[in-house]
Amino acid sequence: MVELKNVDVRYRERGGVEALNDINIKIEDGEFVFIVGSSGAGKSTLLKLLTRENQPTSGRVFVNGYNLSKLKGSKVLMLRRSIGMIFQDFRLIPNLTVYENVAFVLRVTDKSKRFIRQRVPYVLNLVGLSNRAKAYPSQLSGGEQQRVAIARAFASDPGLIIADEPTGNLDPELSYGIVEVLKDINQCGTTVIMVTHEHDIVKYFGGRIISLKDGSVAFDDTIGGGDEVE
Ligand code: ADP
């Protein structure tokens, strides 16, 4: 569960810019939510609160059962391990194969070899990349690289996946496939929050949309989806 209660964020650097203003959002476990808004609306600021890279000036933030204002030391690490992150620029390790990129995150969290041998093929199959396990990132298309990044984010079965403009570097026709994969992962029970600029995608898939404007929630509702894109 993700909850923001009366959250304000003011950045001191530029004479107190109000980046977020009285935000109240509750996202239940298992939801799929699009966050939209133009540049400067506060989307990155919001995501940084969820991963505790940033703290609110006032208000409270809860993620995966953690009260983020009270979180200290190793608990911050545990919070971050309960969140899978996906970025616009994929962030794969170039000198590791697809298999190793996914296995790596499981090794650093001390998962057993046996678990890794089962889990990596399972998540690669889920993202449709079973046949590319031995390839290196540079041998893959952008869409395939982003699928690896999704497999990696999902490998440790986090409660929450945050995808920050995951289709921003991809051709529009590949973007839909990426969202489909995120939807499949959501079907496994993981909450997914996807930040996007692409209105066509949001209209096509529908579901819950949170729109930020000038640091406030301008819209938070469920839309039908299914709109064909011209
Ligand atoms: P978005 O991700 O929607 O583009 P941001 O969260 O990056 O929006 O920015 C929201 C507002 O906060 C903008 O006015 C931006 O200029 C300002 N801002 C963001 N980060 C900082 C920072 N580190 N210092 C000062 N102002 C910032």
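What comes next is a walk through the structure.

### Here we look at the overall build of the protein chain
The secondary structure content of the protein chain amounts to seven helices and 10 strands. Here the protein chain has a C-alpha radius of gyration of 18 Å; the compact-globule value for 230 residues is 17 Å, and the two agree. Taken along its principal axes, the extent of the C-alpha atoms in the protein chain is 50 × 50 × 30 Å. Relative to its 230 residues, the protein chain shows a buried fraction of 46%. Carbon together with sulfur atoms contributes 47% to the accessible area of the protein chain, which is approximately 11,500 Å² in total. On the protein chain, the mean spot of the 29 positive side-chain charges and the mean spot of the 28 negative ones are 11 Å from each other.

### Concerning the pairing of strand 7 (residues 160–164)
The element strand 7 is extensively covered by neighbouring structure, given that four of its five residues are classed as buried. Sheet topology places strand 6 (residues 83–87) next to strand 7; five bridges connect them, and they run parallel. Bridge pairing in strand 7 links I83 to L160. As paired strands, strand 7 and strand 8 (residues 191–195) are joined by five bridges and run parallel to one another. For I162, the partnering residue across the bridge sits in strand 8 and is I193.

### What to know about the packing of helix 4 (residues 113–126) against helix 5 (residues 142–155)
With their axes 9 Å apart at the nearest point, helix 4 and helix 5 run at an angle of 135° to one another. Judged by the inter-axis angle, helix 4 sits oblique to helix 5. Relative to helix 5, helix 4 is oriented so that their crossing is right-handed. Residues R119, Y122, V123, L124 and L126 of helix 4 form the contact with helix 5, whose own contacting residues are A151, F154 and A155. Split into classes, the residues belonging to the contact of helix 4 with helix 5 amount to seven nonpolar, no polar and one charged.

### Things to note about helix 4
With 14 residues, helix 4 extends 20 Å between its outermost C-alpha atoms, agreeing within 8% with the 20 Å of an ideal straight helix rising 1.5 Å per residue. Buried within helix 4 are the following residues: I116, R119, V120, V123 and L124. Taken end-on, helix 4 shows its buried residues confined to a sector of 125°, consistent with a single buried face. Away from its buried face by more than 90 degrees, helix 4 exposes R114, R117, Q118 and N125. Just downstream of helix 4 lies G128, where phi reads positive at about 75°.

### Here we look at helix 3 (residues 98–108)
Along helix 3, the residues that are buried comprise V98, N101, V102, A103 and L106. The secondary structure elements touched by the buried residues of helix 3 are helix 4 and helix 5. Immediately beyond the C-terminal end of helix 3, within one or two residues, lies D110, with a positive phi of roughly 65°.

### Let's talk about the packing of helix 3 against helix 5
Orientation of helix 3 relative to helix 5, taken along the N-to-C sense of each, is 25°, at an axis distance of 8 Å. The angle between helix 3 and helix 5 falls in the class roughly parallel. The way helix 3 lies across helix 5 gives a crossing that is right-handed. Of helix 5, the residues touching helix 3 (which contributes V98, N101, V102, V105 and L106) are V148, A151, R152 and A155.

### Here we look at the nonpolar core
Looking at soluble globular proteins, one finds that nonpolar side chains tend to be buried together. F34, V102, L124, I150, I161 and L182 are the most contacted members of the largest nonpolar core, which has 41 residues in total. Counting only elements with at least two residues in this core, the list comes to strand 3 (32–36), helix 3, helix 4, helix 5, strand 7, helix 6 (172–187), strand 8 and helix 7 (199–205). If you tally residues by element for this core, the top one is helix 5, at seven residues. Each residue touching I150, except ones within four places of it in the same chain, is listed here: I86, V127, I178, V181, L182 and I185. Counting 30 residues, the second-largest nonpolar core is a separate cluster that includes V2, A19, L71 and I193.

### Topic: the sheet that holds strand 6
Spatial ordering of the open sheet is given by 6-7-8-3-9-10, a layout of six strands whose pairing is mixed. Single-partner strands in this sheet number two, and they are strand 6 and strand 10 (216–223). Taken pair by pair, the neighbouring strands of this sheet meet at an average axis angle of 15°, ignoring direction. Sheet strands in contact with helix 5 are strand 6 and strand 7, and its direction is about 170° off that of strand 6.

Analysis parameters
Residues numbered from 1 in each chain as written. Predicted model: local features only at pLDDT ≥ 70, side-chain atom pairs only at ≥ 80, totals over all residues. Heavy atoms only, no water. Helix = DSSP H or I, 4+ residues; strand = E, 2+ residues; numbered from the N terminus. Rg over C-alpha atoms; globule rule 2.2 N^0.38 Å. Buried < 20%, exposed > 50% of the residue type's maximum accessible area, 1.4 Å probe, protein only. Areas by Shrake-Rupley, 256 points an atom, 1.4 Å probe, with all protein chains shown as cover. Lys, Arg positive; Asp, Glu negative; His and termini not counted. Charge placed at Lys NZ, Arg CZ, Asp CG, Glu CD. Pairing = 2+ DSSP bridges. Axes fitted to C-alpha atoms, helices over the stretch in contact; angles between N-to-C directions. Parallel < 35°, antiparallel > 145°, perpendicular 65-115°, else oblique. Left-handed = near helix turned anticlockwise from the far one by under 90°. Contact = heavy atoms within 4.5 Å. Nonpolar A, V, L, I, M, F, W, Y, C, P; charged D, E, K, R; others polar. Expected span 1.5 Å × (residues − 1). Arc of directions from axis to C-beta. Core = buried A, V, L, I, M, F, W, Y, C linked by side-chain atoms within 4.5 Å.

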